[in-house]
Amino acid sequence: MAHPLIITAEEKYGLLLREKCRQIFSGTDMPSHDHLHHDRVWKNAAMLLDRLISAGMVSDHGLAVKTIIASFFHDTGLTVNRGPDHGLESRQICSVYLETTDLTGYDCNEILDAVEKHDNKEYTGNSDPSSLAAILSVADDMDAFGEEGIGRYEEIYAMRGIAATEMPGMIISNVLSRLRHLETTYGMFPDLIAEMRKKAETVINHFTNKPL
């Protein structure tokens, strides 16, 4: 069973955020990044957060609430901007929602910064594993692995006008970058690393063997 802080965040915000996210994507045909993607990212984030709490690495009792909100808004900007810089639009959409909550300015800014920067996959420097930014980024990365990740890459790269002949090399590079970040940030969880490495290999093998 998940930690009580995660359960409380889910009970308070889960249904509301799922419906809000579904509404935002209701007029957008983007199965790979729709409200269901956001739900999967929240589940990944909750799993990471539960591990971190159990390891005594979390002191912020509000982190679960910030995580669930950030998870359900991180890609909402794709409804208006399908480029890799959609985080700014996601931030704006999330900002409007946060005005309806009782969260403080500091917490709101932390959520908005994580949402805006979640798709920056350059990964410069070392990430704090217990930070909202790292949890959200890696939870999103985890959804890019495995069989679902294959369709996710194909859809979003096609939407961005990337030629089919260029996709395999770009996708493999992106997968490896995400995997390295996960390994360096959450190396204290070797079982998770092993599981995600297998899923990443599924995507890499698919595009390595894909005829051009």
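Whatever comes next refers back to the structure up there.
My aim in this report is to walk through the structure given alongside it, one point at a time.

Each value, and the rule that gives it
Residues numbered from 1 in each chain as written. Predicted model: local features only at pLDDT ≥ 70, side-chain atom pairs only at ≥ 80, totals over all residues. Heavy atoms only, no water. Axes fitted to C-alpha atoms, helices over the stretch in contact; angles between N-to-C directions. Helix = DSSP H or I, 4+ residues; strand = E, 2+ residues; numbered from the N terminus. Parallel < 35°, antiparallel > 145°, perpendicular 65-115°, else oblique. Left-handed = near helix turned anticlockwise from the far one by under 90°. Contact = heavy atoms within 4.5 Å. Nonpolar A, V, L, I, M, F, W, Y, C, P; charged D, E, K, R; others polar. Buried < 20%, exposed > 50% of the residue type's maximum accessible area, 1.4 Å probe, protein only. Expected span 1.5 Å × (residues − 1). Core = buried A, V, L, I, M, F, W, Y, C linked by side-chain atoms within 4.5 Å.

This part is about the packing of helix α1 (residues 4-24) against helix α2 (residues 35-54). Following both chains from N to C, one finds α1 and α2 inclined at 165 degrees, their axes separated by 10 Å at the closest point. With respect to α2, the element α1 is oriented roughly antiparallel. Seen along the crossing, α1 lies across α2 with a hand that is right-handed. Counted together, Ile 6, Glu 10, Arg 18, Cys 21 and Arg 22 of α1 and His 35, His 38, Asp 39, Trp 42, Ala 46, Leu 49, Asp 50 and Ile 53 of α2 form the full contact between these two elements. Per-class residue counts for the contact of α1 with α2 are six nonpolar, two polar and five charged.

By secondary structure assignment, the location of Thr 67 is in helix α3 (residues 63-73). Among the residues examined, Thr 67 registers a relative accessible area of 1% and is labelled buried. With residues near it in sequence (within four places) discarded, Thr 67 still touches Trp 42, Ala 45, Leu 49, Leu 132 and Ile 135.

Before going further, it helps to examine helix α7 (residues 146-159). An ideal rise of 1.5 Å per residue puts 20 Å on 14 residues; α7 measures up with 20 Å between its terminal C-alpha atoms. Among the residues of α7, Gly 146, Gly 149, Ile 150, Arg 152, Tyr 153, Ile 156 and Tyr 157 are the ones counted as buried. Check the buried side of α7 and you find it contacts α2, α6 (132-142), α8 (167-185) and α9 (190-208). Directly beyond the C-terminal end of α7, a positive phi value near 75 degrees is found at Gly 161.

Counting 62 residues, the largest nonpolar core has Ile 69, Leu 98 and Ile 111 as the members making the most contacts within it. Leaving out residues up to four positions away in the same chain, Leu 98 has contacts with Ile 69, Leu 103, Cys 108, Ile 111 and Leu 112.

All we've got here are geometric facts, nothing functional implied.
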